[in-house]
Amino acid sequence: MFGGTIPHVNDVRYRSHKADTGPGYPERELGCGSGNRDHHEPMTMLLERQTQLAQLDGFLAEAARGRGHVAVLSGEAGAGKSALVEAFIGAASHGTRVFRSACEDLSIPDPLGPLYDLAREAQWAMPQAIDARRGERLPLFSDALDVFEARTQPTLLVIEDLHWADDATLDFVRFLGRRIANTHILLLLTARTDRSEGQVRVRRALGEIPAGSVARIDVPLLSEAAVLSLAKAAGRDGEAIYRASAGNAFFVTELLRAENETALPASVRDAVVARAERLSAGARAMLECVSVFPRRADAWALTGLCGMASAAQLAECVSNGLLDDLGEFYAFRHEIARRAIETMLTPSHRRAFNQRALAALLERGDIATARLVHHAVEAHNLETVRELAPVAAREASRVGAHRDAVGYYEVALLQADTLPAQERAELYEQYAFECHLIGRIDEAIKAQQQARALQQALGNVLREGDSLRCLSRFAYLLGDRRDADLFGAQAVALLETVPAGPELAMAYSNLSQLAMLAERLDETLSLGAKAIKLAEEVDRPDIVCHALNNVGSAEQWLRLDNGRLHLSRSLEIALRENFQEHAARAFTNCACCGMNQLDYREAQSFLDRGIDYCVENDLATWRDYMHGVRAQLRLRQGCWDEAASEALDVIGNDQATALVRYPALVALAKLRIRRGDPSAEPLLAEMKRLLEKGAELQRLLPFAAVIAEQAWLGEADKDEALRLIGLAESMSPTRAVFAELAAWRQMLVPDIEPGDTAGMAVPYRMLLAQDWPGAASAWAELDAPYERALALAQGDEAAQRAALDIFEKLGARPVASRVRDIMRRNGVIHIARGPRRTTRANGAGLTQRQMEVLQLIERGLSNKRIAEHLAISPKTVDHHVSAVLGKLDAISRGEATAAARDSGLI
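Residues numbered from 1 in each chain as written. Predicted model: local features only at pLDDT ≥ 70, side-chain atom pairs only at ≥ 80, totals over all residues. Heavy atoms only, no water.

Visitor: What am I meant to see in the overall build of the protein here?
Guide: Looking only at helices and strands, the protein has 46 helices and eight strands in total. Taking 906 residues into account, the globule formula puts the C-alpha radius of gyration at 29 Å, and the protein, at 31 Å, falls close to it. For the C-alpha atoms alone, the extent of the protein along its principal axes is close to 95 × 75 × 50 Å. Put simply, the protein has 906 residues, and 59% of those count as buried. A fraction of 67% describes how many contacts in the protein between residues 6 or more apart in sequence connect residues 24 or more apart. In the structure as shown, the protein presents an accessible area of about 35,300 Å², 50% of it carried by carbon and sulfur atoms. Of the side chains in the protein, 105 bear a positive and 123 a negative charge, and the two mean positions are spaced by 3 Å. (Helix = DSSP H or I, 4+ residues; strand = E, 2+ residues; numbered from the N terminus. Rg over C-alpha atoms; globule rule 2.2 N^0.38 Å. Buried < 20%, exposed > 50% of the residue type's maximum accessible area, 1.4 Å probe, protein only. Contact = heavy atoms within 4.5 Å. Areas by Shrake-Rupley, 256 points an atom, 1.4 Å probe, with all protein chains shown as cover. Lys, Arg positive; Asp, Glu negative; His and termini not counted. Charge placed at Lys NZ, Arg CZ, Asp CG, Glu CD.)

Visitor: Could you clarify how one ought to interpret helix 40 (residues 797-810) in this entry?
Guide: Counting along an α-helix, one turn takes 3.6 residues, and residues three or four places apart therefore face a common direction. The end-to-end C-alpha separation of helix 40 is 20 Å, in line with the 20 Å expected for 14 residues at 1.5 Å each. Listing the buried residues of helix 40 in full gives Ala799, Gln800, Ala803, Leu804, Ile806, Phe807 and Leu810. Burial along helix 40 is one-sided: seen end-on, the buried residues are contained in an arc of 165°. Looking at helix 40, the residues exposed on the side facing more than 90 degrees away from the buried face are Ala798 and Lys809. On its buried face, helix 40 is in contact with helix 31 (640-651), helix 32 (658-675), helix 38 (772-781), helix 39 (785-792) and helix 41 (813-825). Of the residues one or two after helix 40, glycine 811 is the one with positive phi, at around 85°. (Expected span 1.5 Å × (residues − 1). Arc of directions from axis to C-beta.)

Visitor: Can you walk me through empty space enclosed by the protein in this structure?
Guide: A water-sized probe, rolled over the atoms, reveals where empty space remains. The full count for this structure, using the stated rule, is six cavities of 30 Å³ or more. When its volume is computed, the largest cavity comes out at roughly 340 Å³. Around the largest cavity sit 25 residues that line it, and Arg204, Arg403, Asp618, Ala620 and Arg623 are the ones nearest its centre. When the residues that make up the lining of the largest cavity are grouped by side-chain class, the tally is nine nonpolar, seven polar and nine charged. Empty space within the second largest cavity amounts to approximately 150 Å³. Within the residue set of the lining of the second largest cavity, elements represented by two or more residues are helix 32, helix 36 (739-748), helix 37 (762-768) and helix 39. (1 Å grid on protein atoms, 1.4 Å probe; cavity = no way out; pocket = protein on both sides within 12 Å on 5 of 7 lines; lining within 4 Å. Points joined across faces, edges and corners; volume = space filled by probe spheres on them. Nonpolar A, V, L, I, M, F, W, Y, C, P; charged D, E, K, R; others polar.)

Visitor: Teacher, can you tell me more about the pairing of strand 8 (residues 329-332) here?
Guide: Looking along a regular strand, one sees side chains alternate from face to face of the sheet. Burial along strand 8 is two-sided: Phe329 and Ala331 and Tyr330 and Phe332, pointing in opposite directions, are all buried. Here strand 6 (residues 297-298) runs beside strand 8; their pairing, made up of two bridges, is antiparallel. Following the sheet pairing, aspartate 298 is matched in strand 8 by phenylalanine 329. Bridge count for strand 7 (residues 323-325) against strand 8 is three bridges, and the pairing is antiparallel. Looking at the pairing, aspartate 324 lines up with alanine 331 of strand 8. (Pairing = 2+ DSSP bridges.)

Visitor: What exactly am I supposed to notice about helix 6 (residues 167-177) here?
Guide: Among the eleven residues in helix 6, eleven count as buried, and that is most of the element. Buried within helix 6 we find Asp167, Ala168, Thr169, Leu170, Asp171, Phe172, Val173, Arg174, Phe175, Leu176 and Gly177. With a side-chain oxygen lying 3.0 Å from the backbone nitrogen of alanine 168, the N-terminal cap of helix 6 falls on aspartate 166. (Polar contact = N/O pair within 3.5 Å; in protein donor to acceptor, adjacent residues only side chain to side chain.)

Visitor: I'm lost on the packing of helix 8 (residues 224-234) against helix 9 (residues 238-245) in this one. Help?
Guide: How two helices sit against one another is set out by the angle between their axes and by the gap between those axes. Taken N-terminus to C-terminus, the directions of helix 8 and helix 9 make an angle of 130°; their axes are 8 Å apart at the nearest point. Compared by their axis directions, helix 8 and helix 9 come out oblique. When you trace helix 8 past helix 9, the crossing you get is right-handed. Residues Glu224, Val227, Leu228 and Ala231 of helix 8 touch helix 9, and the partners they reach there are Gly238, Glu239, Ile241 and Tyr242. In terms of residue class, the contact of helix 8 with helix 9 is made up of five nonpolar, one polar and two charged. (Axes fitted to C-alpha atoms, helices over the stretch in contact; angles between N-to-C directions. Parallel < 35°, antiparallel > 145°, perpendicular 65-115°, else oblique. Left-handed = near helix turned anticlockwise from the far one by under 90°.)

Visitor: Which parts of the structure should I look at to understand the pattern of salt bridges?
Guide: Close approach of charged atoms allows side chains of opposite charge to pair. A full pass over the atoms with the stated rule returns 63 salt bridges. With its nearest N and O atoms 3.2 Å apart, the salt bridge here joins arginine 398 to aspartate 131. One end of the pair, arginine 398, is in helix 18 (residues 382-398); the other, aspartate 131, is in helix 4 (residues 126-132), with 267 residues separating them in the sequence. Owing to a relative accessible area of 40%, arginine 398 belongs among the partly exposed residues under this scheme. The exposure class of aspartate 131 is partly exposed, given its relative accessible area of 48%. (Salt bridge = Lys/Arg side-chain N within 4 Å of Asp/Glu carboxyl O.)

Visitor: Would you mind showing me how to read the sheet that holds strand 8 here?
Guide: Backbone-to-backbone hydrogen bonds join strands into a sheet, with any given pair of strands oriented parallel or antiparallel. If you trace the three strands from one edge of the open sheet to the other, you get 6-8-7, paired in antiparallel fashion. The open sheet has two edge strands with one neighbour each: strand 6 and strand 7. Seen against the sheet, helix 12 (residues 281-291) touches strand 6, strand 7 and strand 8 and runs at an angle of roughly 90° to strand 8.

Visitor: Just checking my understanding: could you explain the sheet that holds strand 4 (residues 185-191) for this structure?
Guide: Taken together, five strands build an open sheet; the order of strands is 2-3-4-1-5 and the sheet is parallel. What marks the edges here is a single partner per strand, and that holds for strand 2 (97-102) and strand 5 (214-218). For this sheet, the mean inter-axis angle between neighbouring strands, taken without regard to orientation, is 15°. Bridging between strand 2 and strand 3 (residues 155-160) involves six bridges; their strand directions are parallel. When the sheet's bridge partners are listed, arginine 97 is paired in strand 3 with threonine 155.

Visitor: Can you help me understand the packing of helix 28 (residues 580-596) against helix 30 (residues 620-636) in this one?
Guide: Where helix 28 meets helix 30, the axes come as close as 10 Å, and the angle between the chain directions of the two elements is 15°. Comparing the axis directions of helix 28 and helix 30 gives the class roughly parallel. As for the relative orientation of helix 28 and helix 30, their crossing is left-handed in sense. Facing helix 28, whose interface residues are Glu581, Ala584, Arg585, Phe587, Thr588, Cys592 and Met595, helix 30 presents Trp622, Tyr625, Met626, Val629, Gln632 and Leu633. Within the contact of helix 28 with helix 30, the residues separate by chemical class into nine nonpolar, two polar and two charged.

Visitor: Just to check I follow, could you spell out unusual backbone geometry for this structure?
Guide: For residues other than glycine, phi is negative in most cases, and the peptide bonds are mostly trans. Unusually for a residue other than glycine, glutamine 123 sits at a positive phi of about 60°. Unusually for a residue other than glycine, aspartate 161 sits at a positive phi of about 55°. Structurally, aspartate 161 is set in the loop between strand 3 and helix 6. The class of aspartate 161 is buried, set by a relative accessible area of 3%.

Listed below in C-alpha cells is the structure:
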C-alpha cells in the first residue's frame, strides 16, 4: 500500500494559486483511493500502485533537474488512473507547481479546452494570447511553454481523459512532448485503452513524440488478493466481489458499498442506479440534472436551475457517495457513474434538463461555445444550434482543430434548410474545406457540389467558378485525374467571362499545377506566369506562392538553378506568411526535386524538416505523403527495415487517400519484390487502380519501373513491362525524366539502342553507355547499395560476386538468385549458395514490432487477435505478418515459427 491517504482535491499543499479555483475532475476510482469522501466513511488506501508511483516520482525528480518527460497512465475505464494521479499529486514535493485539466465527453470536443483550464490555473490570459497570435498555434503553444516552464522549480501539468481530446489539444501535447526534454516540466496524461477512434488518435499523437521523452505506464486491474483485502476490511465476500468486478477498481468500490450483500449488482451501471434509488425525490432530480453536464456542473448553474433548495439536495448526493463537492463545481465520482444516470433519463427529461442548462449558461455569458452547442444539440434547440454551431466551427478551425470544425459544420448543416441560400452555400464551402484538410475527400466533394449548385442558382459566377476550382483540387486528391482536368478547365472558362480577380488567378495556378503533375512543362510555365502576374496585381501572396511552386517544380527538368530558386522562394513566402498547406507542398516538391536529381542529402533535409513542420501543424495528408517519399529514400540508402516501417505507417492509415498512399506503396512494393515477398501483389493492384483513373506520368514512371524489375526477375510479363516503358517514354517531356526506365529497358533488352542520354543523371548515363564500373562508383558515392549492386551485376565475374554479396546482405534473395543464374550462364563456377534457413532467420533483421508479431504467431493467435493484443489495425498486422514470412523465407506461419525456433529467435 501507498503510505498515506489521498488529499482533498483543493489541498493547498499542491496548488500554486487559490485553493478555491480548482476545476474538479470526475474520474475518482474509489476502490484504489478517493477524493472527497463522507466523513463517516473511512478513507481507502491506494493498493498495488507502488511501481507506477515510483516511476512518476522518478520522472518528477528528473524534471526538477531540467530533464522533462511525458508520462501516460493508461488503463480501462474505472481502473484507477485518476486515483493514482491524486495520490501522486498528494505526495509531490511542496516546491512543485501543479496545474490540472481534463478533457470532456462532449458531443464534439471543446477545442483546446484543457489548455484553457491550465491557463486559468496559471493565471495566463489565453484568449488575449490567441488574438495576439492571430490564432496561429505554434506561437501560441510557444507562449504556453514559456508560461508553464519555471526554471527554478518543477511544473506538473495534468491532462486527464485524453481519449476525449480535440485535435488541437493533441497537437499541443505533441508540441510540448517534442520540446519537453530540456524543460522542468512533467506532463502527466491519462487515457483509456479501448480501441475507439479517440484512442487511435492519442496513440498516433504520442507516437510522434521522441521515444526517449514519453513513457507509457499501465494501470492494471486490481488483483484478486487486493480485492480480497478490501473486502475483508469491509466485512464482505471478496471472492464474489472479484468474480463480479474482475478487479475493476471503481466497480469494486460500488460493490463494497452495495446494501444488499447477498445479491450483488451485475454491472457498474446497476450498482450506481441502485444507490441513486436510495435518494429522496428532490436529490434524485438534482442528480439527474447534474448528469447532463459532462465532466462537472458549475455550482452557480445548479443554483440557477433549481433554486436555493439545491444545496440540501446536493449535500445528500455527496453524502451518499454519488457526487464530489469541489467547491465551485460538482462532479460525479466517475464518468461511468454519470453516464449510468444520464442514460436512465427519458428523452423528454433529457431535453428539458439540457434546455435549462443551456439557458443558465447563456445567461452567464462567458461560457465556451462548444459547451453551449453541446447542450443545444441535446435539448433539440434548433435555433441556437443554427446560430452557434457555425461560430464553434470557425473557432475550432482558427486554432487548428479541423476534425472538430467538421463536426460543428455537420451539426449546423443538419439544421440549415431554413437558412438563406447564400448562407447555406457558405456553410457547405467551409465544411468542404475542413473535410479536405482532414482527408475526408469524398465528403468534401459532395459538399462542394452542393455549394456550387446553390451559387449557380444565385447567379454568383465568381463563387461558382471558385467551387469548380475546388472540385478540381478535391478530385485530384481522390486520384481522379479526369475530373480534376475537367473541373479545372470549366473553372477557368467560367471565370474568364467576368472581370479578372483572385479567383481567376488561383484557377490559372490550379491548371498550372495539374500540368506540372503531368510533366507538361511548357503549359505549366505559361499558366504559372499568368497566375503570378494576376496574383501580384491583386496582392495575393498566397496565390503567388502556389504558382511559384508549380513553376519551380517544372523548371527542375529545364533549368535546374531557376527551378530551385522558385521553389525556395515559394517556401520562403509560405513560412513567412504562415501559409501552412503551401509550405507543406513546397517542402514536398523541394524534396522530390532532390530525389529526381539524385541529391539525396538535400532530399533528406527537406523531408525531415517538412515532416516535422506537418506534425507540428497537424497537416496529416502532406505528412503521410512525405513519409512515403522518405520511405523511398531509405530504400535507396539501403535502410530497408526503416523503409518498410515508414511505408507501413502510411499504408496502415485507413484515412489516407490513394494518392497520399502512392509513394509508400511504391517503396513497399519494390522492397517486397526484392525480398521475394508475395504480398507485393495487393500493393501493385492498388497502384494500378489509381493509374486507371488517369495515367499521370509521375505515377506511371515508378509503376513501370516496378513492373520492369519484376519482369527482369522473371516474375512479370516482359512485353507488358516494355509496353509501360514505351508509354512513359512517349509522355516524357525530357530524356532526363525517362532515365531510370531507359536503364531498366536496357536490362530487359540488352541490345537495344539507349537513345539520347543528354540531361540524364550521371549513373544512368554511364549504365546506358555500358560503363558499369563508372555507374557502380557513382552509386557508391551516393550511398545507394542496391543500385550499385545492379550496376556491378552487369560487369565481370569479380563485379558479379561483389553484387551477390551486397544483395545477400540486403536480403534481396530473388535478385541474388537472378545474378547466380546470369553467372552460371556465363560459365562461372563455385558460386556461393547463399545462407541456409537458420542462418537467414538469425540475421533476419526483424524489427521490434515484427518480433512481437512473430511471438504471437507462435502462440497461435489469428491476425485479428494479434491486432487486438497490440492495439493496431488488422491491415497493419497483415503487413507485419507478410514481412515476417518474407524475412524468414517462409511460405506459412508454421514454417516461420519453425525457422524462428531453429535460430533461437523464439
